[in-house]
Amino acid sequence: MSDASAGISVSSVIDDLHRESEELDRLVGELGEERWALGTPAPGWTVAHQIAHLAWTDRSALLAVTDAEAFAKEVEKALASPDGFVDEGAEEGAALPPARLLAEWRAGRTALEEALRAAPPRTRFPWYGPPMSAASMATGRLMETWAHGQDVADALHMVRAPTDRLKHVVRIGVRARDFAFGVRGLTAPGEEFRVELIAPSGELWTYGPEGAAQRVTGPALDFCLLVTQRAHRADLAVRAEGPDADRWLDIAQAFAGPPGSGRAPKGEVR
């Protein structure tokens, strides 16, 4: 049994981000041009849009780490188009020839990895929300890479073997509990929950006080699919004990920004 939020170093997070990116690269690296145009579960987004979004966000993160003034200009653009700047960035990249998009994504993520490894300890960098440390930045990039990689895998009808890199996604999901309530105008519960999840390796990952009255349990993979809104709660084996914990599972999100609409249950079309 382990508290999966303990003992995580910056270098280990960056190492895991590298591995997660390489795994997604193996999915798309040899795709024919026509398969880049396949639709993914995200409405209006193709495989190309998914990779373009990752490339765009990597560029933004690199600016945040290396050029705060230039990043501030990107924030101004986001504020000018709060509902469209993410889609606009994805559209721009998706319009590129796949080979060029792939090359830009590879170069961008490599540059970001190098910048994060070179960042002074305890430095915090500007972001679209609160400032982030190098570890938090790498964790966020890993979460997005895994989540958008799931969309790509779904589009290609491929099943990825889960790994214990999911501990980073779980950690964000757990820490974002109060945000999920607040972004919906709801008051966050005053008490901590106990979260117990079974890792892909079989280890038990735990968060929160052991004696908490409200609990969340289940497979770590299912929890990650839930908090990244890649699957509907009805299709997952995540369980809650207590009314507030139950409500959380209906609204959980690990990503910043407005509430997502999530995915419909299997067999239901939205």
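Note that the coordinates shown come from a computational prediction; the quantities given were computed from them, not determined experimentally.

Asks: Tell me about the environment of Thr66, residues and numbers included.
Replies: Relative to the helices and strands, Thr66 resides in helix H2 (residues 47-66). Placed 77 residues apart in sequence, Thr66 and Met143 show a C-alpha to C-alpha distance of 21 Å. A polar contact of 2.7 Å, which involves the side chain of Thr66, links it to the backbone oxygen of Leu62.

Asks: Outline the nonpolar core, supporting the account with residue identities and numerical values.
Replies: Judged by nonpolar contacts, the single largest core of 50 residues is most densely connected at Leu116, Met137, Val170, Val216, Phe223 and Trp248. It is helix H6 (residues 134-155) that provides the largest number of residues to this core, a total of seven residues. Look past the residues within four positions of Val170 in its chain and what remains in contact with it is Leu197, Trp205, Tyr207, Ala220, Phe223 and Cys224. Counting 20 residues, the second-largest nonpolar core is a separate cluster that includes Ile51, Ala52, Ala55 and Ala153.

Asks: For empty space enclosed by the protein, give the residues involved together with the corresponding values.
Replies: A full pass over the atoms with the stated rule returns one cavity of 30 Å³ or more. The volume enclosed by the largest cavity comes to roughly 50 Å³. Around the largest cavity, the lining residues are Leu17, Ser21, Leu54, Asp58, Trp105, Arg109, Arg141 and Thr145. If you list the elements that add at least two residues to the lining of the largest cavity, you get helix H1 (10-28), H2, helix H5 (98-118) and H6. Its residues assigned to classes, the lining of the largest cavity comprises three nonpolar, two polar and three charged.

Asks: Got a sec to walk through the packing of H2 against helix H3 (residues 68-80)? Specific residues and values, please.
Replies: Relative to each other, H2 and H3 sit at 135°, their axes nearing to 6 Å. As far as their axial angle goes, H3 and H2 are oblique. Once H2 is placed against H3, the crossing between them reads as left-handed. Facing H2, whose interface residues are Ser60, Leu63, Ala64 and Thr66, H3 presents Ala68, Ala70, Phe71 and Glu74. Classifying every residue of the contact of H2 with H3 by side-chain character gives five nonpolar, two polar and one charged.

Asks: Outline the environment of Arg117, supporting the account with residue identities and numerical values.
Replies: By the secondary structure assignment, Arg117 is in helix H5. Judged by relative accessible area, which is 40%, Arg117 ranks as partly exposed. The spacing of Arg117 and Asp15 is 102 residues in sequence and 9.7 Å in space, taken between C-alpha atoms. Setting aside residues no more than four positions away along its own chain, Arg117 makes contact with Ser11, Ile14 and Asp15.

Asks: Describe the pairing of strand S6 (residues 215-219), and please don't skip the residues or the numbers.
Replies: Pairing of strand S4 (residues 194-198) with S6, which is carried by five bridges, proceeds in the parallel orientation. If you follow Leu197 over to S6, its bridge partner there is Gly218. Inspection of the sheet shows S6 paired to strand S7 (residues 239-241) by three bridges, in the antiparallel sense. Across the sheet, the residue bridging to Val216 is Ala240, located in S7.

Asks: Explain helix H10 (residues 243-251) residue by residue, including any values.
Replies: The complete set of buried residues in H10 reads Ala245, Trp248, Leu249 and Ile251. Looking at the packing, one finds that the buried side of H10 touches helix H7 (166-175), helix H8 (177-182), S4, S6, helix H9 (220-227) and S7.

Asks: With reference to specific residues and values, describe the pattern of salt bridges.
Replies: Summed over the entire model, instances satisfying the criterion amount to 21 salt bridges. Measuring nitrogen to oxygen at the nearest pair gives 3.2 Å for the salt bridge that ties Glu113 to Arg117. Of this pair, Glu113 and Arg117 both sit in helix H5, four residues apart, which is roughly one turn of that helix. Here Arg233 ties to Asp250 by a salt bridge, and the two come within 2.9 Å at their closest N and O atoms. With Arg233 in the loop between H9 and S7 and Asp250 in helix H10, this residue pair connects regions lying 17 residues apart in the sequence. Residue class for Asp250 comes out partly exposed when judged on its relative accessible area of 49%. Taken together, the shared-partner salt bridges in this structure form one network comprising Glu20, Glu23, Arg160 and Arg165.

Conventions we followed
Residues numbered from 1 in each chain as written. Predicted model: local features only at pLDDT ≥ 70, side-chain atom pairs only at ≥ 80, totals over all residues. Heavy atoms only, no water. Helix = DSSP H or I, 4+ residues; strand = E, 2+ residues; numbered from the N terminus. Polar contact = N/O pair within 3.5 Å; in protein donor to acceptor, adjacent residues only side chain to side chain. Core = buried A, V, L, I, M, F, W, Y, C linked by side-chain atoms within 4.5 Å. Buried < 20%, exposed > 50% of the residue type's maximum accessible area, 1.4 Å probe, protein only. Contact = heavy atoms within 4.5 Å. 1 Å grid on protein atoms, 1.4 Å probe; cavity = no way out; pocket = protein on both sides within 12 Å on 5 of 7 lines; lining within 4 Å. Points joined across faces, edges and corners; volume = space filled by probe spheres on them. Nonpolar A, V, L, I, M, F, W, Y, C, P; charged D, E, K, R; others polar. Axes fitted to C-alpha atoms, helices over the stretch in contact; angles between N-to-C directions. Parallel < 35°, antiparallel > 145°, perpendicular 65-115°, else oblique. Left-handed = near helix turned anticlockwise from the far one by under 90°. Pairing = 2+ DSSP bridges. Salt bridge = Lys/Arg side-chain N within 4 Å of Asp/Glu carboxyl O.

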